[in-house]
Amino acid sequence: MKPGVPHLQKNPLVTYGAGGPMYTVHRTLNRSFVVVIPLALAAILGCMTYLAHRHDTPYHATPAALDNRVAKLPVMGYNTWNAYHCDIDEGLILQTAQLMKSLNLADAGYTHVNIDDCYSERSRNDDGDIVEDAKKFPSGMKALTDKIHNLGLKAGIYSDSGWFTCQLYPGSFQNEARDAKRFHDWGFDYLKYDNCAVPFDNITRENIMGRYERMANAIADLSLTSGTSPLILSMCQWGREQGWTWARRYGQSWRTTDDIDPNWQSIAKILNQNSFYTWATDFYGHNDMDILEVGNGPLTYEEAKSHFTAWALLKSPLLIGTHLASATKETLEILTNPEIIAIHQDSVVGTSISPFRWGINPDWVSNSTHPAQYWSGESQNGTVVMLLNTLDEPADMFFRLTESPWIRAGRQYTVRDLWTHTDNGTAVRNFTAHAVPPHGVVALLLQDAGNEPDGLWPPCAVLEWCMNSNGTRID
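- Per an unreviewed UniProt entry, the chain is named Alpha-galactosidase, and its organism is Suillus placidus.
- Recorded in UniProt under Catalytic activity (unreviewed entry), the annotation for the chain is "Hydrolysis of terminal, non-reducing alpha-D-galactose residues in alpha-D-galactosides, including galactose oligosaccharides, galactomannans and galactolipids."
- Per UniProt, the comment on the chain under Sequence similarities (unreviewed entry) is "Belongs to the glycosyl hydrolase 27 family."

Okay, structure coming up:
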């Protein structure tokens, strides 16, 4: 047993599996209007709208970007920023790709090697193209992506919707079609698109959504004319302008918050914010909670597990952001947990887990220190439950099974621990995890095991308006 694994006491009402006395899973013994527009008027209005759009929009393309059908599942891979910032070159990128293979990260599902900011020269060339830094990438980007592809991996690149990137390298504003083609010709499969160096309003005449639409349309048009798959578009707009309400029109993921830091306060704050719009994630479009910090900073083992579990079960893209050459066994163990990744990459159910009870914090109230603690969601193999101890001390965590909308009343459920990889008995109505470590997590898969035992009292797990067929209320 690893340090900090929850100790869960025996109980005479528990059915224990191979995992031993890990949980208390116990029975409950306690008490139109229709407006019709003439066709002629509709046609006139439509033409006016079209002409106005053409006049005001500097770059116009077909709306094919609305559904380019790549990245059905959240992307898994590596991003250079958290570990290296601007200190990158082709040797480092190739070494990272090779380590992803040799450390079995690629086998676990991490297939993208993504280059972040600072890879280019400070100015475009005479033809107007972005040029890779000759010192950092002397062999050229195409040679590098060929080597990445030869390893069975995919390659990602970075740009910005403004005049410049966040580190003041050339951005893609007013060069969307040119840059999309450049990245395609270089052999990239994925584009992280940032939100810095915003042009003046009297130039753009549009908001963040409009600037991202420009690149999305450029990508879609290029795919149409080239006959190749479009670049995956990762929209790094830091949660501005409620991207979760519109961004899936244009890209496959969208940032929901400011940048992550390698500490528990940042993890809790991001999770708190995301608890209110989990509904936005499904196939082909995912809330992006930012690059993983597993292996970085002062995060404890338990905090790193909680961080990874939350990002994975909320189906954020999973992009490793630590030095792989010095990654510890514990870091790699967390990043390659096959049972957590199986939920993240579920090809049948694309939705995220969501809170069913906040716990310490009142339900539906924001608290960056104590985000929601009790979460559940669907998977093709059963109901997924995440229990998060946001306290600075160990805590027992109890819930009624039917608090989750995915659990059926009157049924019992087998309990699989997705971190200890053990079967831990059968839960009837209630579940308690004892001594969950500070900032620790319990991740479970509950599978229907048939009807609950006869004779349980009360006859309803939830007493509200529980009634006999003769009209007698039990509550």
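Quick look at the side chain of Ser 316
Link 1 in the chain: Along the chain, Ser 316 falls in the loop between helix 10 (301-313) and strand 8 (318-320).
Link 2 in the chain: Here Ser 316 falls in the buried class, since its relative accessible area comes to 0%.
Link 3 in the chain: Each residue touching Ser 316, except ones within four places of it in the same chain, is listed here: Pro 74, Asn 287, Asp 288, Met 289, Asp 290, Trp 311 and His 344.

What to know about the pairing of strand 5 (residues 232-235)
For a regular strand, side chains alternate in direction, first toward one face of the sheet and then toward the other.
Link 1 in the chain: Of the two faces of strand 5, both are covered, the one formed by Ile 232 and Ser 234 as well as the one formed by Leu 233 and Met 235.
Link 2 in the chain: Sheet topology note: the strand 4 (residues 190-194)/strand 5 ladder contains 4 bridges and is parallel. Within strand 5, the residue paired with Leu 191 across the bridge is Leu 233.
Link 3 in the chain: Strand direction decides the pairing type here: strand 5 and strand 6 (residues 253-255), joined by 2 bridges, are parallel. Bridge pairing links Ser 234 to Ser 253 in strand 6.

So, the packing of aromatic side chains
Link 1 in the chain: Under the defined criterion, the tally for this structure stands at 14 aromatic pairs.
Link 2 in the chain: Summarising the aromatic geometry, the rings of Trp 358 and Trp 364 are spaced 4.7 Å apart at their centres and angled 45° between planes, so their arrangement reads as tilted.
Link 3 in the chain: According to the relative accessible area criterion, Trp 358 is buried, its value standing at 1%.
Link 4 in the chain: For Trp 364, a relative accessible area of 60% gives the class exposed.
Link 5 in the chain: Here a set of aromatic residues connected by ring pairs shows up, and it is made of Tyr 119, Phe 183, Trp 186 and Phe 188.
Link 6 in the chain: When the ring centre of Tyr 284 is taken as origin, the NZ or CZ atom of Arg 69, which lies over that ring, is 3.7 Å away.

Cut-offs used in this document
Residues numbered from 1 in each chain as written. Predicted model: local features only at pLDDT ≥ 70, side-chain atom pairs only at ≥ 80, totals over all residues. Heavy atoms only, no water. UniProt positions renumbered as here; feature names shortened; annotations may be inferred. Helix = DSSP H or I, 4+ residues; strand = E, 2+ residues; numbered from the N terminus. Buried < 20%, exposed > 50% of the residue type's maximum accessible area, 1.4 Å probe, protein only. Contact = heavy atoms within 4.5 Å. Pairing = 2+ DSSP bridges. Phe/Tyr/Trp six-rings, centres within 6.5 Å; stacked < 30°, edge-to-face > 60°. Lys NZ or Arg CZ within 6 Å of the ring centre and 35° of its normal.

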